Structure formats: C-alpha cells, structure tokens
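# Structural overview for review
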Amino acid sequence: MRGQGRQHGLGYLTAVVATAAVVLIRRFLLADILEPDAPLYLFLFVVTAAAWFGGLKAGLLATALSTLAGTYYFIARDGWRIADGDGLRIGIFVVSGAAISCFAEAMYRSWDRADRQREALRITLSSIGDAVIATDADGRVTSLNPVAAALTGWTRDEAMGRPLEDVFRIVNEESRLPVENPVKKVLAEGRIVGLANHTLLIAKDGKELPIDDSAAPIEDAEGAIRGVVLIFRDMTERRRAERTRLRLAAIVESSDDAIIGKDMDGIIHSWNRGAERLYGYTAKEVIGKPVSLLMPPDHPDEFPSIMERLKRGERVDHYETTRVRKDGQRFDVSLSISPIKDDGGRVIGASAIARDITERKRLYQQLLEADRRKDEFLATLAHELRNPLAPIRNALQILRLASDNKATVEQVRTIMERQLQQMVRLIDDLMDVSRITRRKLQLRKERVDLATVVRNAVETSRPLIETAGHELTVTLLMESIHVEADEARLAQILSNLLNNAAKYTERGGHIWLTVEAESEGGQPSREVLIRVKDTGIGIPADQLPHIFEMFRQVDYSLERSQGGLGIGLTLVKWLTEMHGGTVEVHSDGPNKGSEFIVRLPIVTEQPTQQPSSSGDGECKVAAGPCKVLIVEDSEDTATSMRTILLMMGHDVRIAHDGIQAVEAAGSYLPDVVLLDLSLPKLSGYEVARQIRQQMWGKNMKLVALTGWGQEEDKRRSQQAGFDQHVTKPLEPAALEELLRKLCPPSA
Ligand code: ADP
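Conventions and cut-offs
- Residues numbered from 1 in each chain as written.
- Predicted model: local features only at pLDDT ≥ 70, side-chain atom pairs only at ≥ 80, totals over all residues.
- Heavy atoms only, no water.
- Helix = DSSP H or I, 4+ residues; strand = E, 2+ residues; numbered from the N terminus.
- Expected span 1.5 Å × (residues − 1).
- Buried < 20%, exposed > 50% of the residue type's maximum accessible area, 1.4 Å probe, protein only.
- Contact = heavy atoms within 4.5 Å.
- Polar contact = N/O pair within 3.5 Å; in protein donor to acceptor, adjacent residues only side chain to side chain.
- Pairing = 2+ DSSP bridges.
- Domains from an automatic or database assignment.
- Axes fitted to C-alpha atoms, helices over the stretch in contact; angles between N-to-C directions.
- Salt bridge = Lys/Arg side-chain N within 4 Å of Asp/Glu carboxyl O.
- Near = heavy atom within 4 Å.
- Areas by Shrake-Rupley, 256 points an atom, 1.4 Å probe, with all protein chains shown as cover.
- Parallel < 35°, antiparallel > 145°, perpendicular 65-115°, else oblique.
- Left-handed = near helix turned anticlockwise from the far one by under 90°.
- Core = buried A, V, L, I, M, F, W, Y, C linked by side-chain atoms within 4.5 Å.
- Patch = residues over 30% accessible without salt bridge, like charges linked within 9 Å, V, L, I, M, F, W, Y side chains within 5 Å.
- Phe/Tyr/Trp six-rings, centres within 6.5 Å; stacked < 30°, edge-to-face > 60°.

Along an α-helix, residues three or four positions apart point the same way, because every turn accommodates 3.6 residues. Between its first and last C-alpha atoms helix 15 (residues 406-437) spans 46 Å; for 32 residues at 1.5 Å apiece the expected length is 46 Å, and the two agree. Restricting attention to buried positions, one finds in helix 15 the residues Thr408, Val412, Gln419, Gln422, Met423, Leu426, Asp429, Asp432, Val433, Arg435 and Ile436. Summarising the contacts, the buried residues of helix 15 are in contact with helix 13 (358-386), helix 14 (389-401), helix 17 (487-503) and helix 18 (568-578). For helix 15, the N-terminal capping position is held by Asn405, with its side-chain oxygen 3.2 Å away from the main-chain nitrogen of Ala407. Of the residues flanking the end of helix 15, it is Arg439, one or two places downstream, whose phi is positive at about 55°.

Right, dumping it as structure tokens:
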C-alpha cells in the first residue's frame, strides 16, 4: 500500500468482494463454529481491508455493505426485523468501521504529506547549483543530487549505500595526500566542518577538480545524529578567475606606469606602485583623497572637463598635461583615462594610466634641435664649399687675360692655392668625422717629441695667423717632452685650435700657444698641458658646455661665417680622447678671449734606439729623370699630373683603364707606375698582379694611389704587389719626394 499510494478502485472492490466473501464464509463454512451472538465482527476485516487499500471512502462503503449484509443475513429475522439488543450491536459495528476508515484515511494523509515533503526535498536538491551528498550515521550514501553525480562521476543508483570515501575521494592539491573525510569529522565532532583549502576531488574517471565544501550533521528531534549532509562546489572557474584577477593585479602593481582608480567624485580608491614612484605618495597617503591633489592649481578646468567626458562614457586617450609630485615638482604626463561601468552600464568611476613623458619630450626637443643643426650644417656646407670657387674662377679669368704678367700670375696663384687649401681642409675634416664615427680611423701612434709636433702645427697655421695680422707667442718647455701619439693627428689638433684662434679673433690680436707640464708634489709630471689662448671674440657662458658638439657654432649666420662647418672642435675632442687625453675650454664671455687646454699623458721611459734614417742631405737630391706611367681614369687628374711630372723633367705616359695600363706597362716599360686603384675594366690590384707576373714587371716600382689609407687597404695593396700606398690627393711636393725615393739619379 505505501509504495503505490491510495487506490480507491481497489478499496471499493475489496469492500464489495470481501463483504460477499464474509457473508458466504460465515453462512456456509463457519455457521456452526461461530457464535451466533457475534454476527458482525468478521466484517471488521472487510472494513479494515477496504480502508487499507482505498482509504476513508472505501472503508465507509465496506462498513455500510457489511452492516447491511450482516444485519440481513445474521441479525434480522423475518425480513428486516431486528431484536432490541441488536440495534446496539449494529451501532457499535458502524462506529468501529467508521473509526477504522478514519484512521486509515489519517494514515494516508500523513504518508501523502511525507511523500510531498520528500518530493519537494528531492526537487530542491536536484535544483541546487551545488553538489549535495547525504549519508546515514555510518557514512553510507543515502542521497546524491545530479550536480554531485556529475562532479563525482557516480550515478545516484551506483552511489546509494556505498561508503562516502568511495564516492567522494579527496586529496590535498599540493601534497596529494588524502584529506580527512568530512563526514567522519562531523560524526566525531557533531558540528559543521569546512574543507581545508586546495582540496582536489578525484572523480570516478580519475579527473581532478578543485572543490570547496562544508559538511553538517543531520539531527533528529532529539538531537541524535542521523547522518551527514555534504555540500561542495566545483572551484575550477572561480580559481581561474582568481588567478586572472591576481595576474591582473600583479600586472597593475608591477607596471612602470601609474595606474589610478577613482570614483566619479574624483576620490582616489586604488594606487599602484608605479603611481607611488611617479607621484611620490604612498597608497596610504592618497587613497580617499581627491585626485585634484595631483593637479597643478593653474589647470582648474581640466578636472571638470575630463569628468564630463567620462560621464558620457568616453575615453580620454594620450592626453598630455602637467602633474605635480608630492615634493611640488611639476612633470609632463600622458594620461589615458577610461570610464568604469557597473553591470547596468552606469559609469561609476574611472581608471587613469599616467606615463611620465618628461624624458620623451626632452629627447624629442633634442631631435628637433639636431635636425635644425643638420639643416644649418647643410646650408653652411654648401656655402663653405662654394666660397672658394668664386676666387678660383676669378683667378682663372685673370690668368687667361694676364698670363704674361708675372706679378699678377704669382698673386693669382697664391689666391688659388689658399682657396684650394681651404677646400681640402673642409673635405679632410668631413672625411675624418665620417671615419671616426664609423670607427675607421686608426692612429699610427709612436713616441713623438711634442716640440716637433707643435712646430709642425704652427707651420700649418702660420699663413692664416699672419694673414689676419695676429701676433703668435709659442712657449715650449726647456726639457723635451715625449708623448705617445700619431704625429700628424696631434698636429691636426693643435693647428685646428690655432686656426680657430686666428679665425675668431679680430684682426691684430694675440695668440699664445703654451706647453706646460703639471707636476704633483715634486713627482715627475705625468701630464702635459697645451694651452691655446687668444684675445678674440670669446664664447658666451651658455655655449661653453656645447662647444665640442658636432655642427655647433656660436654664430650660425652665414654672413658672419669664418669658413667652417662646426666640426673642427668635435675632431679636436675625439682625436684628443683617442690619444688618452682631454680637452677643455675657458672663456670669460664675449670679447674676453678664449682658451683651449689639451691634456695628454707624458711618456717617461727612454726611447728605443731607432735606426738612423736616410737623412736630410739625401732627401734633397733631385729625382733622376725617370719613365712614369700614370694610370688614372680622370682625364683632368691624369693631365695635370703629367704636366707636373714633365715640369720636373720626367718622361710620362698615361693609361685610362686597367687593360690599357697592363699593355702600356709592357710596351713602355716605365720605372714607376702611379696606379689608381678604382679603374674601369680591371681594378688597380689586378693590374699590379698582372704586371708582377711578367718578367719585365718584376722590378717595376708600383705605387697605389687611393682615397683609402687604412691599414687594411695598405695590406691589400701590398699583397697585390705594390711597393707604395699613397693617399690622394697627392701634393706636387709629395709627388716629388716619392719619385726621389723611387727613382734616384742613378736610375
Ligand atoms: P667652425 O670653426 O668650423 O665653425 P669648430 O668646431 O672649430 O667649427 O668651432 C665651433 C664653434 O666654436 C665656432 O663656430 C665658434 O663659434 C666657436 N669657437 C671655436 N674656437 C673659438 C675661439 N678660439 N674663440 C671663439 N669662438 C670659438
């Protein structure tokens, strides 16, 4: 009856059939056995059976039928006549039947209520988002909701009655040791317990998932523990979200940029490490304070206008403005501010990323400045290269018109020489700068006597100094000072300084070149100071720190240009540093003169004995007339060289490409071949190689003429068979000197 619920039909049927059966049994089977004065009590079974199956109504029907049938067959006589005492008997039966029916009905109702409650509980458990497992007091599973079934991998039927440890296997995430069964703990302690953190549930298929749970005792009315209910949930998503949150927090925290959160009233509620670094306030100092604390007071409109845009849900991107640090210092920032919205899309605050752009702005200004200087340099370069052309052109015109006037020719020649020298100097400086910046310049350092270097430098600069009418005072030390230097480069440093002194001093000034040795406490001095001082236009104090920068000129105006590109002092500095020295500048300001001081380390050890050179006397011997083959693709260069060589008394042929060169060398058999390296058809190296392969070419003097004078270039030309490596342009004097060496008079 319990399992199927109330069955009205069966109850009614039982009422009818059982009543009939009892009538028959009583009349025919038990008539002699049963007492005649207890005619109805067998019918109580009928009522009970009908009420058991069908409840109140079936019970009452059975009571009615039993009363009628019992009365008719076993109590009444002569139809429906009833004796006095029988009425009471019938009444008691009816009351008893009704009572049994009511009792059965009450039972049914109570069972129905319990069923409904159980069903409601089942539905509730099934609908719960968390997993729920209930056990009895022995820890055996009595219920398992669908979420628990999904997480554990056990179906309800499989799990029912099993020990909880089978269905709910848990281990510690780190140690992987089994975690104490919460049910046991609840049973032992009789209170709600929660799982330790980092618990992993191992599902039936071995899959592992992080869970969070709690277990509570199920107590009856008397407080006795009847079982345990265990509630747990899958933490995978939450863990992932937590990890993402932590990662984001770490990114925010470690960002170099300041990241600041504020509400719509501008009150700061978050402040990362970058913000601490940038603004100088700790989080504790600013959280809860208005963001206007960071704004300069002279930007009053900034905050309302930013907030207005944020309220409209707009972002503020790369907004460049000024902010104030805790110490009151202002700095440039680029701000990107985004609105923070709640779930309903309402703007509830903003997050601002602030980046210090002071350095970027400074670099940008530097770039602009460098760009401006480059443009000025190009203008100056064009001007400086064109400058000498006008006098040279004029001189040529004069030569054409007055070639027979010796005095005029001499004057014109001097002009041309001077202008050419100026151009050569400019181009040489440019080439040097380019070589140094490409790290191509190598110094040929040796132990040199400083006095000799000074003398050479003075000789180079003397024409300029004299033309400007300056007085030059050179003071050397009594003892000779040696430095480890490339003689030519050191002379270049000093003549650059002397030239500048001459250029930037009004006519008739005074220039001093003084060599001093600084001694410390009686010790032999380790450093030599070379001072170049003038009474010239001086240098403004604000320019002093920049005067050695490339293209830097105090007065850029072309009208006031003194013939320079602003690279002379850069070269002085670089070359001095390449010699292990330093250079500094002093000036008391405009028109107070300037002083440049070069410091160089002194070489103290004794010189190693040098083999004696060929000596002056020999140098002075003129070169014997010899046969020279010029190989040069530039017609003008070749012709001008030939003219000079003819004037020196030599015999000359010209070839314009590599193939011609080899042929001419074979037919003309020159003493010396002046061979340009970059030639059409066959390179200079190849020409040299081919000549050397011939019997007639074995002793021919081969001279490489090139724009490149690096050690590497020299090594290459030597390998190709050259005797000499000479850098272009070759001055007539140097050409004469070369031929003197290569073809002495005996040749
Ligand atoms: P340039 O002379 O070609 O302009 P430099 O690099 O030699 O370039 O010099 C840079 C600038 O330094 C010059 O343009 C000039 O303004 C300043 N300067 C150099 N030497 C002196 C000096 N002796 N007196 C005054 N100003 C000088």
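And the narrative resumes.
This part covers the pairing of strand 7 (residues 225-234). Here strand 1 (residues 131-136) pairs with strand 7 via six bridges, running antiparallel. Note on strand 7: the bridge partner recorded for Ala134 is Val229. Where strand 6 (residues 208-219) and strand 7 come together, nine bridges link them in antiparallel fashion. Within strand 7, the position partnered with Asp213 by the bridge is Phe232. Here strand 6 folds back onto strand 7, and the loop between the two strands holds five residues, one of which, Gly223, carries a positive phi near 90°.

Looking now at the domain arrangement of the protein chain. Taken domain by domain, the protein chain comprises domain 1 (3-112), domain 2 (130-240), domain 3 (255-356), domain 4 (362-434), domain 5 (443-601) and domain 6 (627-742). The C-alpha-based centres of domain 2 and domain 4 are spaced at 96 Å.

Sheet strands pair by backbone hydrogen bonding; their relative direction is either parallel or antiparallel. Read from one edge of the open sheet, five strands run 14-16-17-19-18, paired in mixed fashion. The outermost strands of the open sheet, each flanked by one partner alone, are strand 14 (471-475) and strand 18 (582-587). For this sheet, the mean inter-axis angle between neighbouring strands, taken without regard to orientation, is 15°. Strand direction decides the pairing type here: strand 14 and strand 16 (residues 510-518), joined by five bridges, are parallel. The residue of strand 16 that forms the bridge with Glu471 is His510.

Should their charged atoms come close, side chains of opposite charge can pair. Tallied over the entire structure, the rule returns 46 salt bridges. Note that Asp86 and Arg89 form a salt bridge whose closest N and O atoms lie 3.1 Å from each other. Note that Asp86 and Arg89 are positioned in helix 4 (residues 84-127) at a spacing of three residues, about one turn of the helix. A relative accessible area of 32% places Arg89 in the partly exposed class. Linked by salt bridges that have partners in common, Glu369, Arg372, Arg373, Glu549 and Arg552 make up one network.

Time to look at the site of the ligand. Among the 20 residues in the neighbourhood of the ligand, the closest are listed as Asn500, Tyr504, Gln553, Gly564 and Leu569. A distance of 3.1 Å separates an oxygen atom of the ligand from a polar backbone atom of Gly568. Within the backbone of Leu569, one N or O atom sits 2.7 Å away from an oxygen atom of the ligand. In isolation the ligand has 520 Å² of accessible area, and contact with the protein removes 97% of it. Only helix 17, helix 18 and strand 19 (594-601) provide two or more residues apiece to the shell around the ligand. Per element, the largest residue contribution to the shell around the ligand is three residues, and it comes from helix 17.

A few words on the side chain of Asp657. Locating Asp657 in the fold gives a position in the loop between strand 21 (651-655) and helix 21 (658-668). In terms of polar contacts, Asp657 uses its side chain to reach the backbone amide nitrogen of Ile659, at 3.1 Å. A distance of 3.4 Å separates a polar atom in the side chain of Asp657 from a polar atom in the side chain of Lys681. What Asp657 contacts, discounting residues up to four positions off in sequence, is Val631, Leu679, Pro680 and Lys681.

The next point concerns the sheet that holds strand 23 (residues 701-706). Read from one edge of the open sheet, five strands run 21-20-22-23-24, paired in parallel fashion. Looking at which strands have only one partner, the edges of the open sheet turn out to be strand 21 and strand 24 (724-727). The average angle at which neighbouring strand axes cross in this sheet is 20°, direction not considered. Bridging between strand 23 and strand 24 involves four bridges; their strand directions are parallel. Residue pairing for strand 24: Ala704 is matched across the bridge by His725. In the packing of helix 20 (residues 635-647) onto the sheet, contacts are made with strand 20 (627-631), strand 21, strand 22 (672-676) and strand 23, and the angle to strand 21 comes to roughly 170°.

At a minimum axis distance of 7 Å, the contact between helix 1 (residues 8-29) and helix 2 (residues 43-54) shows a crossing angle of 165°. In terms of axis orientation, helix 1 runs roughly antiparallel to helix 2. Considering how the two elements wind past one another, helix 1 and helix 2 form a crossing that is right-handed. For the pair formed by helix 1 and helix 2, the contact residues are His8, Leu10, Gly11, Thr14, Ala15, Ala18, Thr19, Val22 and Val23 on the first element and Phe43, Val46, Ala49, Ala50, Phe53 and Gly54 on the second.

Residue His318 is not a glycine yet carries a positive backbone phi of 45°. The exposed category is assigned to His318, whose relative accessible area is 60%. Notably, Phe551 is not glycine yet its phi reads approximately 65°, a positive angle. For Phe551, the position within the fold is in the loop between strand 17 (527-534) and helix 18.

What follows concerns the nonpolar core. Where a protein is soluble and globular, its nonpolar side chains tend to be buried together. Counting residues in each nonpolar core, the largest one holds 47 residues, and the members touching the most others are Leu450, Val483, Leu490, Leu513, Val528 and Ile530. No other element matches helix 17, which puts eight residues into this core. Viewed by domain, this core spans two of them, domain 4 (362-434) and domain 5 (443-601), each represented by three or more residues. Discounting residues that sit within four places of it in the chain, Val483 has contacts with Glu446, Arg447, Val448, Leu450, Leu490, Val528, Leu600, Pro601 and Val603. By size, the runner-up hydrophobic cluster in this structure holds 26 residues, among which are Val291, Ile306, Val316 and Ala354.

Residues Leu10, Tyr12, Leu13, Val16, Val17 and Leu61 make up a contiguous nonpolar surface patch of about 480 Å² in total accessible area. If one sorts the elements of the nonpolar patch by residue count, helix 1 sits on top with five residues. Assignment of secondary structure puts Leu61 in helix 3 (residues 56-75).

By the definition in use, this model includes 10 aromatic pairs. Measuring from ring centre to ring centre gives 5.0 Å for Tyr72 and Tyr73, while their planes differ by 85°; the resulting arrangement is edge-to-face. Both rings, one in Trp271 and one in Tyr279, keep their centres 5.5 Å apart while their planes meet at 40°; by these two values the pair is tilted. Of the residues examined, Trp271 reaches a relative accessible area of 7% and is grouped as buried. Here the aromatic residues Phe43, Tyr72, Tyr73 and Phe74 are joined through ring pairs into a cluster of three or more.

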